[in-house]
Amino acid sequence: MSCVHYKFSSALKYDTVSFNGLHISLRDLKRQIMGREKLKAANCDLQITNAQSKEDYTDDNALILKNSSVIVRRLPAGGVKATSKTYVRSRTEAVSGTSKAVCKTTTSHVFYTLHLTLNNVALYEFSKQYLSIISSKT
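Note that this is a predicted model, so its numbers are computed, not measured. (Residues numbered from 1 in each chain as written. Predicted model: local features only at pLDDT ≥ 70, side-chain atom pairs only at ≥ 80, totals over all residues. Heavy atoms only, no water.)

Novice: How would you explain the overall build of the chain if you had to name every residue and give the values?
Specialist: Along its length, the chain carries 2 helices and 7 strands. Ordered by position from the N terminus, the helices and strands of the chain form the series β-β-β-α-β-β-β-β-α. Taking the contacts inside the chain whose residues are at least 6 apart along the sequence as the reference set, 55% of them involve residues at least 24 apart. Carbon and sulfur atoms make up 56% of the accessible area of the chain, which amounts to about 11300 Å² in all. (Helix = DSSP H or I, 4+ residues; strand = E, 2+ residues; numbered from the N terminus. Contact = heavy atoms within 4.5 Å. Areas by Shrake-Rupley, 256 points an atom, 1.4 Å probe, with all protein chains shown as cover.)

Okay, structure coming up:
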């Protein structure tokens, strides 16, 4: 009997799906996981990612080798819908309600980009002043 180890991205430990053969199709793996987890295909779909290579399996006919480990994520059945509305809030507006956590990665990326921009502006200004001094001496 062969198996594939799977876990949901929020889970701490792996569960197993057993099957006969050297591999299982993505479609069959999804069916077995949905059956074991009591999920309905009408409500959601599963995104399956190889735990080692981080490769997403997208073709339902793709073959997943026995003893593989995969990460499972639930997706809405119709996919993720983009909203057509964009809200822009001015920095002077009062913020009310509960506070939301800000992703540290995004925040650090913003500060890093700001740092690079300020360095480029300072370098440009320095170069401009240096060139004007040199050109005035010649």
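Still more ground to cover, so stick around.
Novice: Residues and numbers for the packing of aromatic side chains, please.
Specialist: In the structure shown here, the tally under the stated rule is 1 aromatic pair. When the ring of Tyr 6 is compared with that of Phe 8, the centres are 6.5 Å apart and the planes differ by 80 degrees; the resulting orientation is edge-to-face. Note on Tyr 6: relative accessible area 0%, which makes it buried. Between the NZ or CZ atom of Arg 74 and the centre of the ring of Phe 8, over which it lies, the distance is 5.1 Å. (Phe/Tyr/Trp six-rings, centres within 6.5 Å; stacked < 30°, edge-to-face > 60°. Buried < 20%, exposed > 50% of the residue type's maximum accessible area, 1.4 Å probe, protein only. Lys NZ or Arg CZ within 6 Å of the ring centre and 35° of its normal.)

Novice: Any chance you could break down the environment of Leu 29 for me, citing the residues and the numbers?
Specialist: For Leu 29, the position within the fold is in helix H1 (residues 26–36). Separated by 12 residues in the primary sequence, Leu 29 and Val 17 place their C-alpha atoms 7.6 Å from one another.

Novice: Describe the side chain of Ser 2, and please don't skip the residues or the numbers.
Specialist: Along the chain, Ser 2 turns up in strand S1 (residues 2–8). In this view, Ser 2 contacts Val 17, Ser 18, Phe 19, Gly 21 and Lys 66; residues no more than four positions away in its chain are not counted.

Novice: I'd love a proper account of the nonpolar core, names of residues and values included.
Specialist: Ranked by size, the top nonpolar core spans 19 residues in total, and within it Leu 29, Ile 33, Leu 46 and Ile 48 carry the most contacts. Per-element accounting of this core gives the leading share, 4 residues, to H1. Residues within four places of Leu 29 in sequence aside, it is in contact with Val 4, Val 17, Ile 24, Ile 48, Ile 64 and Val 70. (Core = buried A, V, L, I, M, F, W, Y, C linked by side-chain atoms within 4.5 Å.)

Novice: Give me the lowdown on the pairing of strand S7 (residues 69–76), citing residues and values where you can.
Specialist: On a regular strand, each side chain points to the face opposite its neighbour's, so the side chains alternate between the two faces of the sheet. Relative to S7, S1 runs parallel, the two being bridged by 4 bridges. When the sheet's bridge partners are listed, His 5 is paired in S7 with Ser 69. The pairing of strand S4 (residues 44–50) with S7 spans 7 bridges and is classified as antiparallel. Opposite Ile 48, over in S7, you have Val 72 as the bridge partner. (Pairing = 2+ DSSP bridges.)

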